[in-house]
Amino acid sequence: MNWLEYMDEDTFFHRLSPVTKIIWFVLISVLIAVVRDLPAVTVLFLFMAAVWVRAGLIDRMKMLGRNLFPIMGFAFVMWIVIGALHVDAPDTVPIYQDRIFCLEYADISRAVSTVFRIFLMVSVFYTLIITTNFSEIIYGLRKLHVPYPAAFGAGLVFQVIPNIIREFRTVVDAQRSRGLEVDRGPVMKRARRYCLVLVPLFIRILGTAQNITMSMFIYRLHLGSSRSSLKEIRTKRDDLLFLGISILVFAGAGYLSLIH
Amino acid sequence: MESQLLFQFKDFSYQYRRQSAAALRHISFSVEAGEIVAVLGKSGSGKTTLAHVLSGIIPETVTTGTMQGKAERGQSVSVGLVTQSPESQLFGYTVEDAVAFGLENQNMLRSDMANKIDEVLALLHISHLRHRVVEKLSGGQKQAVCIASVLVMKPDLLVLDEPVSSLDPLGKSMVQDILFQLRESGQSVVILDQFADWCASCVSSVLGLEAGQIIFGGTLREFFQDPDLYEKLGVTVPPSVLLYHSLKEKHPEFPLRWNAEELGRALHGAVYLKSDEKESSDAVTIESSPLIEVRHLQHCYGSFEALSDVEARFYKGRVTSLLGQNGSGKTTLVHHLNGLLRPTAGDVLINGKTISGLSVAELSKSVAMVFQNPEHMLFENSVAEEISFSGRMHGEVLSSEEMDQWLEWGGLKEYKSAFPLNLSMGQKHMTAILCAAASRPEAVILDEPTLGLDLDMKRRLTALIGKLKQMGICVILISHELSFVCEVSDEILLLHNGRIVCEGTPRKVFGQRSLFADMKMPLPDMEILSDTLGFPSPVLTDSEFLRRTEWIKGGHTHELA
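On a predicted model such as this, the values are computed, not experimentally measured, just so you know.

Caption draft 1: Structural view of the overall build of chain B. When you go through chain B residue by residue, the secondary structure sums to 22 helices and 21 strands. Taking 2.2 N^0.38 as the reference for a compact globule, 561 residues should give roughly 24 Å; the C-alpha atoms of chain B span a radius of gyration of 24 Å, in line with that estimate. The principal-axis extents of the C-alpha atoms in chain B amount to approximately 70 × 60 × 50 Å. Taken across its 561 residues, chain B has 58% of its residues classed as buried. A separation threshold of at least 6 residues defines the contact pool for chain B, and within that pool the share at least 24 residues apart is 68%. Carbon and sulfur atoms form 47% of the exposed surface of chain B, whose accessible area is close to 22,300 Å². Between the centroid of the 51 positive side chains of chain B and the centroid of its 70 negative side chains there is a distance of 2 Å.

Listed below in C-alpha cells is the structure:
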C-alpha cells in the first residue's frame, strides 16, 4: 500500500462534498497557524481524533505519526532547549534550574503545543488528500471559483505524485536487482548509491511530463477557455452539519486561546 | 460515391533536429473515410512520429523540427490519438471522469455529455466499467477506456499507436473486439504497430514502414505472402502465416489463412497427427536437486492473499515459464526469488539454503532479474557500461572479448558506445536482458522480455535463451506471447488466484483446454489449430507441425467462401 495515496473507501468524510472539505481545510489550517496555546491546540487535536475515529482513518494517522516522529521529536527538544535558555515567569518555581538553563512548565507546554501543531498541520492536509480523489479536488476548486489552470494543476499534482513514488520504488528495486546495495552499509554510502537511481527516475518523469503535454493536446485542453463540468456538486445536509460542528469547535478553540 | 479524403501525405519528410537522421522520409499515402489502415514496422521505424503528425502533435506541440513536403488534413477533419501508455493519457479518477474530460474541454452541456458517454461506453461494451477507478483497471480495460475517451469526441479519424504492445492476451482480445466494433460502426482508423496478428481480421490495407520510409502498400494478403517483406520490417505475423510459409513448398495447396480456426477448418480432413512422440523436454534428465525451491509460499498484501501455499522448483539449464492472467500472482512469485518480496509464510531456498537474511543486492549474484520496462534499469552512459554494471557491483570484470560476444548475441555490437536511453525500445530491452545475462548468475528472471522486440530481436532472444540453458543457467520467464513461450519453454507453471493450478510440459499444460476455458485465458494459436483439426494432443510450433503431421493422400483443403 502506498500510504500517501487516496483511500478508495466510503466513510462519512469521503462522502462530504469536496467544497466542504476544502473550506474546512482552509479554516482549520489558518486556526492551527494562529492558535498556539496548549488547551486550544488540544481541543483541535481531540476534534481531529474524533473525525479520524469516525472516518476509520486512525491506522493511517498512526502511520503518519510514526513517520513524523523524528521531526516532532526534534521540534520538541529544540523548543525545550530554547525555552530553558530564558526565564518566562520569575515568580513561579521552575522544574529545573542551573546557571544556564531554567526549565519551566510553560516551556514544556509550548514544546508539546508545537508538536501537536506540527502533527495537526500535516495531518489535516493528509486527511484531505486521502479522502478526496484528484478529480474531486479539481471539481471542488472550480466550484470555489479557483481559475481552472490552478485547479487542474492541483489535481494533476495529486494524480502524478503517487505515480512518481511508484516509479521511484520500481527504479530502486530494479537497481537493487542488479547488485546496487542500498539495504545495508554506512548511511552516507547508501545515500550516494541512491543518486544512481536519479537518472532513470528523471528520464521517466520527463517522459511522464511529455505524455501529459501530449494528452492535453489530444483532449483539446485550452487552459484559458471556458469549460463545462459533468459532475454537479451539491451541498448536502451532512456537509452543513459537519461545517457547523467544525466552526463551533474552531470558535471554542479560538475563545480558549484568547482567554489563555 | 467518392470516399472523403481524411488525410494525405505527399513526399513528406520530418527531422527532429537538423543534425539527426530524418524520422520520416518521402512518405506518400492517403487515408479515406471508412478505411482501417495498418502501418506496420519495428520499433524505431517512425510509427510514433507518423502518429504525431497525423494527430497534429507535430507541429502544433512539438514545434522544433523540420518538415518537408505535405501532410494535409481534409477539410474540417478531426483526428484523435490513442497513445501507447493509457495510464499517462487518461485524466480522471473514475472511467466516467476520464471519458468526460475531452467533452468538458469542448464546453459541452451536461445532458449532452451524459448521452455521449452512454453511447460510447455501450459501443465498446464497457458500460459496466463506468464507475470503476481507472487505476485499478487491467491493461486491456485501460486501453479500452482510453479509446472511449478519444472516440467520444467523435474524431473523423482515430489513430491507435501500438495499442496492444503491453497487454496480456485477454487485453489484446478486448482491444481486438473494440476494433471489430469500430469497423462495424464505419469509424476510420489508422493502426501503427509491429504486431500484425491481433488486427489482421479487421484491416483493409497495409503500409510497411522501415527507417521512416514506406516500402510497401497493399492488401494484408499481399503482405503475408511475402516473408522477406515482413521479416525485413520486423513485424510479428500470426503463427498460421509462418506455418503457411513453412509448408507451401511441400504442399502448395496449403491455404494462407491468418486466423487459426479458419485455417483449421480449411485443413480439416487433409492433415492428421502421425505420431504421439514424446516432447523433447520429457527426455531430458532433470537434476535431482533444484537450484531454486519454493516451499509453502504465502504472501499477503494486507488482507489480500496474493499467493497461497505455492510450491515450485526451478532447475539449472531449464526454462520455466509462468503463465496466468494479470493479478494471478506471477510477478509476486518471481519477486520472492530475488528477495524483493519476503514471504508472509513459507520459504525460498537457493542451492538448498534459505534466502531470508540476504539482501536483494547479495541475491543478485545468484538471481538476476530483468524488469518489464527497461527504462527502469538503464542509466549508464553507454551500452557497454550498462552491460558490465552488475559485474562491477559484484567485483567482477567482464573482458573485452566477453563483452563483444554478448553484444554480438544481442545484435547490439554497433551500439556498444551508444547512450542506452537513445536506443529504440526493443534495443533498450535487449540491453537490459544482456545486463542480466552477462553477470553470469545462476538464474535469470525475464519479465515480458519480448515487449518492443522485433522479429529479428525475438529470434536473437530465443537463441540467447538457448545459450543460457547450455551454460547451465536457470531461466524463469513471464510472457504473454504464447507462441514465444511454446518455442522456448521446457516447463510451464499456470497460476490462477495465487495458486499453481497446472504445471508440466507445454504440451501437457496447453492440452488442458477446459482449464483455460474456465480461466477465460486464450490458448496459443497453434493449439487452437490443433483443436480445430481434432488432434488428440497439441502441436505448439510450426516445426513441430512439420514433424508430427502427415498429409492425407487425396485429401483436399476446404476453400472458404
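Caption draft 2: Expanded view of the pattern of salt bridges. Per the stated rule, a full pass over the model turns up 38 salt bridges over all chains. Across the salt bridge formed by Lys-231 of chain A and Asp-97 of chain B, the nearest N and O atoms sit 2.6 Å from each other. In this pair, Lys-231 of chain A sits in the loop between helix H8 (187-218) and helix H9 (237-259) while Asp-97 of chain B sits in helix H4 (residues 95-105), so the two residues belong to two different chains. Residue class for Asp-97 of chain B comes out buried when judged on its relative accessible area of 5%. Its salt-bridge partner being Asp-456 of chain B, residue Arg-460 of chain B comes within 3.4 Å of it at the nearest N-O pair. Here the residue Arg-460 of chain B and the residue Asp-456 of chain B both occupy positions in helix H17 (residues 455-470), the gap between them amounting to four residues, near one helical turn.

Caption draft 3: Highlighting the nonpolar core. All names here are of chain B. If you look at the biggest cluster of nonpolar residues, it comprises 125 residues, and the most contacted ones within it are Phe-223, Phe-224 and Phe-545. Shared between two domains, this core holds at least three residues of each, these being domain 1 (5-236) and domain 2 (240-280 + 528-551). For Phe-223, the contacting residues outside a window of four places in its chain are Leu-40, Val-206, Phe-216, Leu-229, Tyr-230, Leu-233, Val-235 and Val-237. Core analysis: the next-biggest nonpolar cluster, separate from the first, contains 62 residues, Trp-406, Met-457, Val-475 and Leu-495 among them.

Caption draft 4: Representation of the interface of chain B and chain A in the model. The interface of chain B with chain A comprises 62 residues on the first partner and 49 residues on the second. Summing the contributions of chain B and of chain A, the shared interface buries around 4,900 Å²; its carbon and sulfur component is 56%. Scanning the region where chain B abuts chain A turns up nine salt bridges. Across the salt bridge formed by Lys-231 of chain A and Glu-96 of chain B, the nearest N and O atoms sit 4.0 Å from each other. Joining chain B to chain A, the criterion identifies 34 residue pairs in polar contact (both at pLDDT 80 or more). Among the elements that line the side of chain B that touches chain A, the one with the most residues is H4 of chain B, at eight residues. The residue inventory of the side of chain B that touches chain A, partitioned by class, reads 30 nonpolar, 22 polar and 10 charged.

Caption draft 5: Structural context of the side chain of Ser-88 of chain B. Inspection of the secondary structure puts Ser-88 of chain B in helix H3 (residues 86-89). Ignoring any residue separated from it by four or fewer positions in sequence, one finds Ser-88 of chain B in contact with Asn-211 and Ser-215 of chain A.

Caption draft 6: Fine view of unusual backbone geometry. Residue and element names in this part refer to chain B. Residue Ile-58 is joined to Pro-59 through a cis peptide bond whose omega torsion reads 10°. Summarising the element assignment, Pro-59 is placed in helix H2 (residues 57-60). Positive phi, close to 50°, is recorded for His-26, a residue that is not glycine. Looking at the element boundaries, His-26 is found in strand E2 (residues 24-32). Of note in this structure, His-296 is not a glycine but carries a positive phi near 45°. Looking at the element boundaries, His-296 is found in strand E11 (residues 292-301).

Caption draft 7: How the structure looks around the confidence of the model for chain A. Chain-level pLDDT for chain A is 90 on average; 98% of the residues reach the 70-or-more range. The spread of mean pLDDT over the elements of chain A runs between strand E1 (residues 96-97) of chain A, the lowest at 81, and helix H2 (residues 18-34) of chain A, the highest at 95.

Caption draft 8: A look at the domain arrangement of chain B. Residues and elements named next belong to chain B. The domain architecture assigned to chain B consists of domain 1 (5-236), domain 2 (240-280 + 528-551) and domain 3 (292-504). In this structure, domain 1 and domain 3 have C-alpha centres spaced 32 Å apart. With 17 residues of domain 1 at the interface, the matching set in domain 3 holds 15 residues. When domain 1 packs against domain 3, close to 1,200 Å² is buried across both sides, 51% of that on carbon and sulfur atoms. Ranking the residues of domain 1 by area buried against domain 3 places Ser-43, Asp-168 and Glu-231 at the top, with a combined share of 33%. Put simply, domain 1 and domain 3 have one salt bridge between them.

Caption draft 9: Up close: the sheet that holds strand E17 (residues 443-447) of chain B. Residues and elements named next belong to chain B. Strand order in the open sheet made by the six strands is E16-E17-E18-E13-E19-E20, with mixed pairing throughout. Two strands bound the open sheet, and with one partner strand each, they are strand E16 (367-370) and strand E20 (499-504). Within the sheet, the average angular offset between the axes of one strand and its neighbour, ignoring direction, is 20°. In the packing of helix H12 (residues 330-337) onto the sheet, the strands contacted are strand E13 (319-323), E16, E17, strand E18 (474-478) and strand E19 (491-496), and the crossing angle to E18 comes to about 150°.

Analysis parameters
Residues numbered from 1 in each chain as written. Chains lettered and ligands numbered in written order. Predicted model: local features only at pLDDT ≥ 70, side-chain atom pairs only at ≥ 80, totals over all residues. Heavy atoms only, no water. Helix = DSSP H or I, 4+ residues; strand = E, 2+ residues; numbered from the N terminus. Rg over C-alpha atoms; globule rule 2.2 N^0.38 Å. Buried < 20%, exposed > 50% of the residue type's maximum accessible area, 1.4 Å probe, protein only. Contact = heavy atoms within 4.5 Å. Areas by Shrake-Rupley, 256 points an atom, 1.4 Å probe, with all protein chains shown as cover. Lys, Arg positive; Asp, Glu negative; His and termini not counted. Charge placed at Lys NZ, Arg CZ, Asp CG, Glu CD. Salt bridge = Lys/Arg side-chain N within 4 Å of Asp/Glu carboxyl O. Core = buried A, V, L, I, M, F, W, Y, C linked by side-chain atoms within 4.5 Å. Domains from an automatic or database assignment. Buried area = accessible area lost by both parts, 1.4 Å probe. Polar contact = N/O pair within 3.5 Å; in protein donor to acceptor, adjacent residues only side chain to side chain. Nonpolar A, V, L, I, M, F, W, Y, C, P; charged D, E, K, R; others polar. pLDDT = per-residue confidence, 0-100. Pairing = 2+ DSSP bridges. Axes fitted to C-alpha atoms, helices over the stretch in contact; angles between N-to-C directions.

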